[in-house]
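Results of the structural survey
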Amino acid sequence: MLKFCRRLRLTEYFADKESEEDDSLVRNKSTFIPNTGRNKCLDDYIENLSNYPLTPIKVNHNLTKGEKSALQNLRNDKSIVIKQADKGGAIVIMDSDYYRIKVEEQLNDSTFYSEIPDNIDHLVKRRMNTVLNKYTTATTEKEYDYLKNFERKTSNFYGLPKIHKSKEIQSAINSQQNEYIKVQKPTDLKLRPIIAGPASPTHRLSNFLDIILKPLCKYVPSYIRDDIDFLSHLPKIAPVHARLVSFDVTSLYTNIPHDLGIEAIQYWVAKHRDAIPNRFTVDFILDSTKLILENNSFYFNGKNYLQHRGTAMGTKFAPTYATLVMGFLEQRLLSVIRFISLYILNDNYDVTYLPLHSYVNHV
């Protein structure tokens, strides 16, 4: 009711005012409420509406008291961890110690993560302020306020069990033939790493950068927006012996080297500069990308960590970033294929010992 009354006052207040041009892509929610006394009829209407007695709506819960009590007991049980499976929608209940060990198996891989002694959120915020102050003409006043002024919170790490890739679990499914499958601590179970940072120091910059870069995705020839877009790419008639083939990159988000990611972003921005407003310079975009990639810190089981390879699955611009990186690699691969084709057409058939980097250097 209060929100509705506020909208009424805002509508009346701005009805006779010309709208100001503002190309801000993001902004903080306004808390402005016009004063009363501007329109007596509106004031009387809002007062009567506010004082009107509302009859509470009785809601019939679809859970019994016993079921709600059981769910509450499960939530309070610290000996287990309940997670949704990475794929398929199944619910997985794991022993807490087993889950912790599986997570730490990943976090102890120094290729991707390292433990840090202290929380660095305040340092990250300071670094972000430095970038924003360096490129003062890149952001509007409202964008600058959105990127700086918010309540931040340390990111948390969790893992979604990849039960579809566990041979032990698949074997148990085939043998037990039951809706509920019991497996004692499968040794080959892997977790998809998720870094939940809906209020991390860089989460708003990540969202802002995603809005800026997303228009570039449409220039990636293999880009598929969603399932409907996929259907539109399928041929109306397919040959009888046609086969649908897909390729998967193992742990794509965490396997993208920062240098490759930066090179890919620079390539697409330069190639389609008109798709991005001029106020967002290449240097601003690249420095913002580096800031997000290099300051992905999080917390797990009483310890602080820093991810120093790849991007976090959980940060807003990660899907767009991964799409542009894969599109960049596809462009390089096509260049290599074209060079090999020309090499063969010129009667130079022996390409066995020609190093791959030679192809790239020639194109």
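The structure this text deals with has already been given above.
Let us look at the structure shown here. (Residues numbered from 1 in each chain as written. Predicted model: local features only at pLDDT ≥ 70, side-chain atom pairs only at ≥ 80, totals over all residues. Heavy atoms only, no water.)

**Details of the pairing of strand β2 (residues 91-95)**
Threshold: Remark: exposure states derive from per-residue accessible area (1.4 Å probe, protein chains only) relative to the maximum for the residue type, with buried under 20%, exposed over 50%, and partly exposed in between. Under the scheme used here, helices are H or I runs from DSSP no shorter than 4 residues and strands are E runs no shorter than 2 residues, and both carry numbers assigned from the N terminus. What makes two strands pair is DSSP finding at least two bridges between them.
Here β2 shows a buried face lined by V92 and M94 and an unburied face lined by I91, I93 and D95. As judged from the 5 bridges shared by strand β1 (residues 80-84) and β2, these two strands associate in the antiparallel manner. By the bridge assignment for β2, Q84 is matched with I91. Counting the residues between successive antiparallel strands, the hairpin from β1 to β2 contains 6 residues, one of them, G88, with a positive phi of roughly 95 degrees.

**What to know about the packing of helix α1 (residues 2-14) against helix α2 (residues 40-51)**
Cut-off, in case you're wondering: Axis lines are fitted to C-alpha atoms, over the contacting stretch for helices. Their N-to-C directions set the angle, which ranges from 0 to 180 degrees. Here is the rule for angles: anything less than 35 degrees is roughly parallel, anything more than 145 is roughly antiparallel, 65 through 115 is roughly perpendicular, and the remaining ranges are oblique. Throughout, a contact is declared for two residues whenever any of their heavy atoms are within 4.5 Å. Gly falls in the polar group here, along with every residue not listed as nonpolar (Ala, Val, Leu, Ile, Met, Phe, Trp, Tyr, Cys, Pro) or charged (Asp, Glu, Lys, Arg).
Direction vectors running N to C along α1 and α2 enclose 175 degrees, while the axes themselves pass 11 Å from each other. Taken together, the axis directions place α1 and α2 in an arrangement best described as roughly antiparallel. Contacts from F4, C5, L8, R9 and E12 of α1 reach α2 at L42, D43, Y45, I46, L49 and S50. Split into classes, the residues belonging to the contact of α1 with α2 amount to 7 nonpolar, 1 polar and 3 charged.

**Some words on the packing of aromatic side chains**
Operational definition: Only Phe, Tyr and Trp rings are paired, with Trp represented by its six-membered ring, and only when their centres lie within 6.5 Å; those with planes under 30 degrees apart are stacked, over 60 edge-to-face, the remainder tilted. By definition here, charges over rings are those cases where NZ of Lys or CZ of Arg is within 6 Å of the ring centre and within 35 degrees of the ring normal.
Tallying each qualifying case throughout the model produces 13 aromatic pairs. Aromatic side chains Y113 and F157 sit 6.1 Å apart centroid to centroid with 85 degrees between the ring planes, which places their arrangement in the edge-to-face category. Note that Y113 is positioned in strand β3 (residues 113-116) and F157 in strand β4 (residues 156-161), a separation of 44 residues in sequence. In this structure F157 comes out as buried when scored by relative accessible area, which is 4%. Measuring from centroid to centroid gives 5.8 Å for Y113 and F298, while their planes differ by 90 degrees, and the two rings are edge-to-face. One end of the pair, Y113, is in strand β3; the other, F298, is in strand β6 (residues 296-300), and 185 residues separate them in sequence. By relative accessible area, F298 is classed as buried at 1%. Among the aromatic residues, those joined into a ring-pair cluster are Y99, F112, Y113, F157, F298, F300 and Y305. The ring of Y146 carries the charged tip of R204 above its face, separated from the ring centre by 4.4 Å.

**Things to note about the environment of E179**
Checked against the element boundaries, E179 lands in the loop between α7 (167-176) and β5 (191-196). As a C-alpha pair, E179 and V245 span 66 residues in sequence and 31 Å in three-dimensional space.

**A look at the side chain of R192**
The condition is simple: Distance and chemistry together define a polar contact, namely a pair of N or O atoms within 3.5 Å, with one atom able to donate a hydrogen and the other to accept it when in protein, and with adjacent residues in sequence counting only for side-chain atoms on both sides.
If you trace the backbone, R192 turns up in strand β5. Polar side-chain contacts of R192 include one of 2.6 Å to the side chain of D86. With residues near it in sequence (within four places) discarded, R192 still touches D86, K87, Y158, G159, L160, K162 and M313.

**Here's the deal with a nonpolar patch on the surface**
Quick note on the threshold: In this analysis, a patch consists of residues with relative accessible area above 30% that form no salt bridge, clustered at 9 Å for like charges and at 5 Å for the nonpolar side chains Val, Leu, Ile, Met, Phe, Trp and Tyr. The Shrake-Rupley method, run with a 1.4 Å probe sphere, supplies the accessible areas, and residue values consider only the shown protein chains as cover. A pair is scored as a salt bridge if a Lys or Arg side-chain nitrogen falls within 4 Å of a carboxyl oxygen belonging to Asp or Glu.
Together, L63, L71, L74, I82, I91 and I93 give the surface a local cluster of nonpolar side chains, amounting to about 540 Å² of exposed area. Residue assignment for the nonpolar patch shows that the elements contributing at least two residues are α3 (65-76) and β2. Following the sequence through the fold, I93 ends up in strand β2.

**Topic: the pattern of salt bridges**
On inspection of all chains with the given rule, the structure shows 10 salt bridges. Note that E143 is salt-bridged to R279, the shortest N-O span being 2.7 Å. Separated by 136 residues along the polypeptide, E143 in helix α6 (residues 141-148) and R279 in the loop between α11 (258-271) and α12 (282-294) bring together distant segments of the chain. Taking relative accessible area as the criterion, E143 reaches 0% and is therefore assigned buried.

**Some thoughts on the nonpolar core**
Short version of the rule: To qualify as a nonpolar core, a set must consist of buried Ala, Val, Leu, Ile, Met, Phe, Trp, Tyr and Cys residues joined through side-chain atoms within 4.5 Å.
L213 and I285 are the most contacted members of the largest nonpolar core, which has 40 residues in total. Elements supplying a minimum of two residues to this core: α5 (121-134), α6, α8 (203-213), α11, α12 and α13 (318-345). Counting residues in each nonpolar core, the second largest holds 20 residues, with Y99, F157, L191 and F300 among its members.

**Regarding α8**
Judged by how many residues are buried, α8 sits mostly within the fold: 10 of 11 residues are covered. The set of residues buried in α8 consists of H203, R204, L205, S206, N207, F208, L209, D210, I212 and L213.

**Remarks on unusual backbone geometry**
Across residues other than glycine, the phi torsion is negative in most instances, and most of the peptide bonds are trans. A positive phi is found at Q177, a non-glycine position, where the angle reads about 50 degrees. Using a relative accessible area of 64% as the deciding quantity, one classes Q177 as exposed.

**Let's talk about α6**
Convention followed: This arc describes the spread of directions from the helix axis toward the C-beta atoms.
If you check which residues of α6 are buried, you get E143, Y146 and L147. All buried residues of α6 fall inside an arc of 95 degrees around its axis, so they share one side. Contact partners of the buried residues in α6: α5 and α8.

**Here we look at the environment of Y144**
Mapping Y144 onto the fold places it in helix α6. Counting along the chain gives 142 residues from Y144 to L286, while the straight-line C-alpha distance between them is 18 Å. Ignoring sequence-local partners within four residues, the contact set of Y144 consists of L132, N133 and T139. At a separation of 2.7 Å, a polar atom in the side chain of Y144 contacts the side chain of N133.

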